[in-house]
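# Structural description and commentary
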Amino acid sequence: MEKNKEIELLTRLVNIKSETYNETEACEHFARVLPSFGWGSIKIDEVGNVIAQRGNGSKEIMLLGHIDTVPGGPLARIDGNVLWGRGSVDAKGPLCALTVAGGIADIPPDWRITLIAAVGEEGDYPGAVHIIPKYSPAGCIIGEPSGTSGITIGYRGFLRAKLHARDEGVHRSRSAGPITATLHAASDIMRMVEAKDKPDRPVIERPSGAIMSMLGKEEGARSALIDLDIRLPIGADIEGYISALKEISNSNNVQIDILSAMPAYLVDKNNPMARALRIAVRNEGLSPRIYAKGGSADFNLAADWHCPIAAYGPGDSKLDHTNEEHLDLESYMTSISILKNGIERFVKSCEWQVASCE
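All figures in this text were calculated on a predicted structure; none of them were measured in a lab. Residue numbering note: each chain is counted from 1, following its sequence as written. In view of the model being predicted, local features appear only for residues whose pLDDT reaches at least 70, and side-chain atom pairs are presented and counted only at 80 or more, with totals across whole chains, interfaces and linings using the full set of residues. As a rule here, side-chain values come from all non-hydrogen atoms in the structure, and water together with hydrogens is ignored.

## Focus: the overall build of the protein chain
Secondary structure elements are defined from DSSP: runs of H or I of at least 4 residues count as helices, runs of E of at least 2 residues count as strands, and each element is numbered from the N terminus. Helix and strand counts for the protein chain stand at nine helices and 16 strands. For 358 residues, the compact-globule estimate of 2.2 N^0.38 gives 21 Å, and the C-alpha radius of gyration of the protein chain, at 22 Å, lies within 12% of that figure. The classification of residues rests on relative accessible area computed with a 1.4 Å probe and restricted to protein chains. Under 20% of the type maximum is buried, over 50% is exposed, and intermediate values are partly exposed. Counting only residues that meet the buried cut, the protein chain has 54% of its 358 residues in that class. Counting rule applied: Lys, Arg positive; Asp, Glu negative; His and chain ends not counted. Taken as the charge location is NZ of Lys, CZ of Arg, CG of Asp or CD of Glu. Each charge class in the protein chain was averaged separately, 38 positive and 47 negative side chains, and the resulting centres sit 2 Å apart. With C-alpha atoms as the basis for the radius of gyration, the globule rule is written as 2.2 Å multiplied by the number of residues raised to the power 0.38.

## Quick look at helix α6 (residues 238–251)
Compared with the 20 Å implied by 1.5 Å per residue over 14 residues, the 20 Å span of α6 between its first and last C-alpha is a close match. Listed as buried for α6 are Ile 238, Tyr 241, Ile 242, Ala 244, Leu 245, Ile 248 and Ser 249. When α6 is viewed along its axis, its buried side chains cluster within an angular range of 160° and face the same direction. Residues of α6 that are exposed and point more than 90 degrees away from the buried face comprise Glu 239, Glu 247, Asn 250 and Ser 251. Multiplying one less than the number of residues by 1.5 Å gives the expected span of a helix. By construction, the arc corresponds to the directions joining the helix axis to the C-beta atoms.

## What about the nonpolar core?
As a rule of thumb, nonpolar side chains are buried together in soluble globular proteins. Joining through side-chain atoms within 4.5 Å is the link that ties buried Ala, Val, Leu, Ile, Met, Phe, Trp, Tyr and Cys residues into a set, and such a set is a nonpolar core. Among the nonpolar cores identified, the biggest contains 76 residues, and Phe 30, Leu 63, Ile 67, Ile 141, Phe 299, Trp 305 and Tyr 332 are the most heavily contacted of them. It is helix α9 (residues 329–352) that provides the largest number of residues to this core, a total of nine residues. Residue contacts are defined here by distance: any two heavy atoms, one from each residue, within 4.5 Å place the two residues in contact. Not counting chain neighbours up to four residues away, the residues in contact with Phe 30 comprise Leu 9, Leu 13, Val 50, Ile 67, Leu 95, Thr 99, Leu 115 and Ala 117. Met 190, Val 193, Ile 242 and Ile 256 belong to the second largest nonpolar core, which has 23 residues in total.

## Let's talk about the packing of aromatic side chains
Only Phe, Tyr and Trp rings take part, Trp by its six-membered ring, and two of them pair if their centres are within 6.5 Å. Stacked means planes under 30 degrees apart, edge-to-face means over 60, and tilted covers everything else. Counted under the stated rule, the structure contains four aromatic pairs. The interplanar angle of 50° and the centroid separation of 5.3 Å between the aromatic rings of Tyr 155 and Phe 299 together place this pair among those described as tilted. You can see Tyr 155 sitting in strand β8 (residues 150–155) and its partner Phe 299 sitting in helix α8 (residues 298–301), a full 144 residues away along the chain. On the basis of relative accessibility, which here comes to 0%, the residue Phe 299 falls in the buried class. Geometrically, the ring pair formed by Tyr 265 and Phe 299 is tilted, given 5.4 Å between the ring centres and 50° between the ring planes. Linking Tyr 265 in strand β13 (residues 265–266) with Phe 299 in helix α8, this pair joins segments that are 34 residues apart in sequence.

## Concerning the layout of surface pockets
Think of a 1 Å grid over just the protein atoms. A cavity is a set of points where a 1.4 Å probe fits yet cannot get out, a pocket is an open set with protein on both sides within 12 Å along at least five of seven lines, and lining residues have an atom within 4 Å of a point. Grid points are joined across faces, edges and corners, and a volume is the space filled by probe spheres set on the points. Considered as a void within the structure, the largest pocket measures approximately 510 Å³ in volume. Lining the largest pocket we find 22 residues, and of these Glu 122, Gly 295, Ser 296, Asp 320 and His 321 sit closest to its centre. Those elements that place two or more of their residues in the lining of the largest pocket are β10 (208–219) and β11 (221–232). Among the elements that take part in the lining of the largest pocket, β10 stands out by supplying three residues, more than any other. Ten residue types, Ala, Val, Leu, Ile, Met, Phe, Trp, Tyr, Cys and Pro, are classed as nonpolar, four, Asp, Glu, Lys and Arg, as charged, and the remainder, Gly among them, as polar. Split by residue class, the lining of the largest pocket holds eight nonpolar, five polar and nine charged.

Have a look at this one:
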């Protein structure tokens with residue numbers, strides 16, 4: 001595929017490493033190139049988010065993507081019509097598609113579009129946490145991979161916790177010690193989560209658990225630490241989960257710190273933003289698909305905006321965080337057309353149905 005301006009934007013951004021909490025170089029580059037895509041009022045805020053705007057109207061559409069990535073991934077390169085590299089799918093592809101589409105979308109004088117490249121989405125969401133209270137948009141598109149024809153309307157929540165224990169040293173014949181105790185506690189927690197699972201239900205209705213990291217040593221004094229990631233289904237009682245984790249930890253003589261928690265969020269597939277994108281997908285000759293996903297995203301935090309919302313972006317989310325991460329560039333270009341059409345359709349629907357978009 002011939003490299004054009006839109007593809008150059010994406011390939012250059014993928015070539016700049018931007019692992020979570022180390023996004024500065026990518027953010028500075030992104031801010032520099034935004035004017036050539038129709039954006040003004042460009043700034044990098046206190047926590048590192050890149051923020052840009054078009055229009056001066058009182059009604060606002062928010063385009064919220066993230067610029068950080070997890071470490072690793074394949075060598076950044078173009079092979080035929082395919083761009084390889086960390087972030088090509090999650091989520092620089094969706095971010096760049098939002099950037100191009102939002103920069104050319106036709107909006108009335110009483111509207112404005114705000115674009116945010118958030119930092120820290122693969123961590124504890126400092127970018128989104130910082131900006132959510134500062135805005136009150138009439139509609140929002142979250143830039144996350146859904147495939148060219150996919151529209152995401154929900155994500156699971158999460159609960160992250162740390163198990164830890166230590167002693168001053170005891171012979172193992174008398175006490176198995178902190179490492180064994182924390183392993184027992186983690187195992188009991190995993191079994192508790194698995195007991196709540198309903199394998200025949202959609203993923204957003206199912207909990208799951210994973211161990212993120214483990215540390216332990218026995219050198220006289222003994223210590224152990226295990227980080228847990230519990231994925232929470234829609235409607236989960238977060239306080240109930242926290243109480244259960246604390247009870248299990250106490251029964252194993254292990255301490256627990258609750259690090260963060262966020263509820264799942266699911267919206268109506270017929271909300272005005274999802275509907276506008278669905279029509280835009282059909283206009284490209286594709287059949288729209290609706291997803292509710294097992295991960296978490298800035299989407300969950302945007303629940304506080306109480307506005308029509310959907311997540312959309314090019315790329316196969318099964319490739320997220322893998323060494324096979326790559327993006328078909330023709331689908332990327334198609335997604336730009338879909339986003340432009342979807343933004344314009346959403347604005348028109350709000351002009352006719354003001355109450356549903358405020």
